[in-house]
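# Descriptive analysis of the structure
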Amino acid sequence: CPFLLRIFYKIGGHHTLDDFKVRGKEPVDDELQIYTWPDVTLGELSDLVKDVAPEARTRGAKLHFKLIYPDKTGKNVMTDLGQVTTSVRGPDDEKLLSSSKFQPGDDLDLAIYL
């Protein structure tokens, strides 16, 4: 079933893990909320981001996704998910969110490199 996915994006680099240390104090000015399915691909997520972040539409822009989730001790960790390049198809375009460690309630951090 669909769930709410929170994507925090930033131009030129990723947010730090400290930005997500306290639940409820995430960088909401850079937040995009999407209702989606577990089998969404990184390419599909990139298309949704392009609708709201004009910088992501720049030819050759690289959109690098990281997963943010709590480890067994409850401390947040960040792991690479993949990278999508605007106007160039790559292997991560078809990567399913469900093929990672993602669980509903986890967040994504997105760096947009121009």
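What comes next is a walk through the structure. Sequence order sets the numbering: in each chain, residues are counted from 1 along the sequence as written. The predicted nature of this model means local features are confined to residues of pLDDT at least 70 and side-chain atom pairs, given and counted, to a pLDDT of 80 or more, with totals for whole chains, interfaces and linings taken over all residues. Calculated side-chain values reflect all of the structure's heavy atoms, with hydrogen atoms and water omitted.

## Considerations on helix 1 (residues 42-52)
Only protein chains enter the accessibility calculation, which uses a 1.4 Å probe; a residue is then buried when its area is under 20% of its type maximum, exposed when over 50%, and partly exposed in between. Under the DSSP-based scheme used, a helix requires at least four consecutive residues in state H or I and a strand at least two consecutive residues in state E, with every element numbered from the N terminus. Inspection of helix 1 places Leu 42, Gly 43, Leu 45, Ser 46, Val 49 and Lys 50 among the buried residues, and these make up the whole buried set. The buried residues of helix 1 all sit within an arc of 155° when viewed along its axis, so they share a single face. Should any heavy atoms of two residues lie within 4.5 Å, those residues are considered in contact. Residues of helix 1 that are buried in the fold lie against strand 1 (3-11), strand 2 (31-36), strand 3 (62-70), strand 4 (76-85) and strand 5 (107-113). An arc is given here, and it is the one of the directions from the helix axis to the C-beta atoms.

## Regarding the pattern of salt bridges
The term salt bridge refers to a side-chain nitrogen of Lys or Arg lying within 4 Å of a carboxyl oxygen of Asp or Glu. Applying the stated criterion to the full structure yields 9 salt bridges. A salt bridge links Arg 23 to Asp 107; its shortest N-O distance comes to 3.1 Å. Taken together, the residues span a long stretch of sequence, with Arg 23 in the loop between strand 1 and strand 2 and Asp 107 in strand 5 at a distance of 84 residues. Arg 23 sits in the exposed class, given a relative accessible area of 57%.

## Observations regarding the environment of Met 78
As for its position among the elements, Met 78 is in strand 4. In this structure the C-alpha to C-alpha distance between Met 78 and Asp 109, which are 31 residues apart in sequence, comes to 8.5 Å.

## Here's the deal with the environment of Arg 23
It is 9.9 Å that separates the C-alpha atoms of Arg 23 and Asn 76, two residues lying 53 residues apart in sequence. Non-local contacts of Arg 23, meaning those with residues more than four positions away in its chain, are made with Arg 6, Gly 105 and Asp 107. Within 3.5 Å is the distance limit for a polar contact, defined as a pair of N or O atoms, with the added protein rule that one can donate a hydrogen and the other accept it, and that residues adjacent in sequence qualify only through two side-chain atoms. There is a polar contact of 3.2 Å between the side chain of Arg 23 and the backbone oxygen of Gly 105.

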